[in-house]
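Close look at the chain arrangement
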Amino acid sequence: MIKINNLQKTFGDTKVLKGIDLEVKKGEVVSIIGPSGTGKSTLLRCMNFLEMPDEGIITIGDTSVNASNCTKKEIYNFRKKSAMVFQSINLLKNKTALQNVMEPMIVVQKMPKKEAKDIALGLLEKVGVLDKKDSYPRNMSGGQQQRVGIARALASSAEVILFDEPTSSLDPELVGEVLNIIKKVAEESKVTMIIVTHEMKFAREVSDTIIFLENGVIAEQGTPSEIFESCRNERVNKFVNNFSFAGGNVI
Ligand SMILES: Nc1ncnc2c1ncn2[C@@H]1O[C@H](COP(=O)(O)OP(=O)(O)O)[C@@H](O)[C@H]1O
Ligand SMILES: [Mg+2]
């Protein structure tokens, strides 16, 4: 249901993505791991045209956009097919948790307020922050804010949720609660997810497929056990082991 063909992106004279090809099935959870500066965020940002690819065709569901030949309107409509959860929490500061989750349904989907509210309350419950529904972001912990961010992504009409290191700005003691919510959502909602993460234990547990991105190419791709247990690529083994011994990645 998601297909990326020959995605390329250059910044200045640095080629960051060197022709990425990827297919993700509906409901699949894919984790992208790899060294810092290797193009993981750029790949996610190109997938919803927050960053304009130089070349490539991206398909979500029944819609394709060819980066070399597309209109602003096509991009605008295509963006609605994915929702992003960023490393830095991106809630609207002057809106409560409930209003933040209702917003995409009212503004983008033009849903009646009552219906949006009912759905939003259900989503806040799902991510375990219903008691914070009337709180503003400044009065919530980072973990609670990020959980509201996940509810907000689920409230959009997106067919895929793109997570860019969703726990890396959180205090260590708050990481587990957010990872557990992402896991729960992955299991219960069958929503397609692409997750950039350095949390190896989490990636191993939640993912159907792991992608090791290195220097702008997919260097390895496989099931968690293929990547974590029986990978012949020494660089993958080294990377994965470094993180496993670094600690801080326990749920
Ligand atoms: N908007 C930008 N302008 C210029 N260079 C960028 C921009 N965004 C990312 N880069 C560069 O692209 C490379 C890949 O970055 P990024 O995708 O953020 O890597 P990762 O998420 O894997 O750490 C880095 O060298 C980074 O400095
Ligand atoms: Mg990044």
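Every value quoted in this text rests on a predicted model; they were computed, and no experiment measured them. (Residues numbered from 1 in each chain as written. Chains lettered and ligands numbered in written order. Predicted model: local features only at pLDDT ≥ 70, side-chain atom pairs only at ≥ 80, totals over all residues. Heavy atoms only, no water.)

Moving on, we come to the overall build of the chain. When helices and strands are tallied, the chain shows nine helices and ten strands. Principal-axis analysis of the C-alpha atoms gives the chain an extent of 50 × 45 × 30 Å. The buried share of the chain, reckoned over its 251 residues, is 50%. Of the contacts made within the chain by residues no fewer than 6 positions apart, 65% connect residues no fewer than 24 positions apart. Across the chain, the centroid of the 33 positively charged side chains sits 6 Å from that of the 31 negatively charged ones. (Helix = DSSP H or I, 4+ residues; strand = E, 2+ residues; numbered from the N terminus. Buried < 20%, exposed > 50% of the residue type's maximum accessible area, 1.4 Å probe, protein only. Contact = heavy atoms within 4.5 Å. Lys, Arg positive; Asp, Glu negative; His and termini not counted. Charge placed at Lys NZ, Arg CZ, Asp CG, Glu CD.)

Before going further, it helps to examine the sheet that holds strand E2 (residues 14-24). The strand order across the open sheet formed by four strands is E2-E1-E4-E5, and the pairing between neighbours is antiparallel. Here the strands that pair on one side only, and so sit at the sheet edges, are E2 and strand E5 (63-66). Between one strand axis and the next, the sheet turns by 15° as a mean value, whatever way the strands run. Both strand E1 (residues 2-11) and E2 contribute to a ladder of eight bridges, which runs antiparallel. Looking at the pairing, Gln 8 lines up with Lys 18 of E2. Set on the sheet, helix H1 (residues 40-47) makes contact with E1, E2 and strand E4 (55-60); between it and E1 the angle comes to about 120°. Packed on one face of the sheet, helix H2 (residues 72-79) meets E4 and E5 and runs near 135° to E5. (Pairing = 2+ DSSP bridges. Axes fitted to C-alpha atoms, helices over the stretch in contact; angles between N-to-C directions.)

Attention now moves to the sheet that holds strand E3 (residues 29-33). Sheet strands line up and pair through hydrogen bonds in the backbone, either parallel or antiparallel. The strand order across the open sheet built from six strands is E6-E7-E8-E3-E9-E10, with neighbouring strands paired in mixed fashion. The open sheet has two free edges, formed respectively by strand E6 (82-85) and strand E10 (217-222), since each of these has just one partner strand. If you compare each strand with its neighbour and ignore which way they point, the axes differ by 20° on average. Along the sheet face, H1 touches E3, E6, strand E7 (160-164), strand E8 (192-196) and strand E9 (209-214) and points at about 150° away from the line of E7. Most of the contacts of helix H6 (residues 172-189) go to E8, to which it runs at about 155°, and overall it touches E3, E7 and E8.

Let us look at the UniProt feature "domain: ABC transporter" (unreviewed entry) in the chain. In the numbering used here, UniProt assigns the "domain: ABC transporter" (unreviewed entry) feature to residues 2-240. Taken end to end, residues 2-240 comprises 39% helix and 26% strand; its first and last C-alpha atoms sit 26 Å apart. (UniProt positions renumbered as here; feature names shortened; annotations may be inferred.)

Once the domains are mapped, the chain shows domain 1 (1-81 + 161-168 + 178-251) and domain 2 (87-157). Here the C-alpha centre of domain 2 lies 25 Å away from the C-alpha centre of domain 1. In this complex, domain 1 contributes 15 residues to the contact, which on the side of domain 2 involves eleven residues. Buried area between domain 1 and domain 2, both sides added, is near 1,100 Å², and the carbon and sulfur share of it is 67%. Contact with domain 2 buries surface across domain 1, with Lys 80, Val 178 and Ile 181 losing the most and accounting together for 38% of the total. At the surface where domain 1 touches domain 2, the tally comes to one salt bridge. Our count for the domain 1 to domain 2 interface comes out at five residue pairs in polar contact (both at pLDDT 80 or more). Where the side of domain 1 that touches domain 2 is concerned, the elements lending two or more residues are E7 and H6. Top element by residues in the side of domain 1 that touches domain 2 is H6. It accounts for seven residues. Tallied by class, residues from the side of domain 1 that touches domain 2 come to eight nonpolar, two polar and five charged. (Domains from an automatic or database assignment. Buried area = accessible area lost by both parts, 1.4 Å probe. Salt bridge = Lys/Arg side-chain N within 4 Å of Asp/Glu carboxyl O. Polar contact = N/O pair within 3.5 Å; in protein donor to acceptor, adjacent residues only side chain to side chain. Nonpolar A, V, L, I, M, F, W, Y, C, P; charged D, E, K, R; others polar.)

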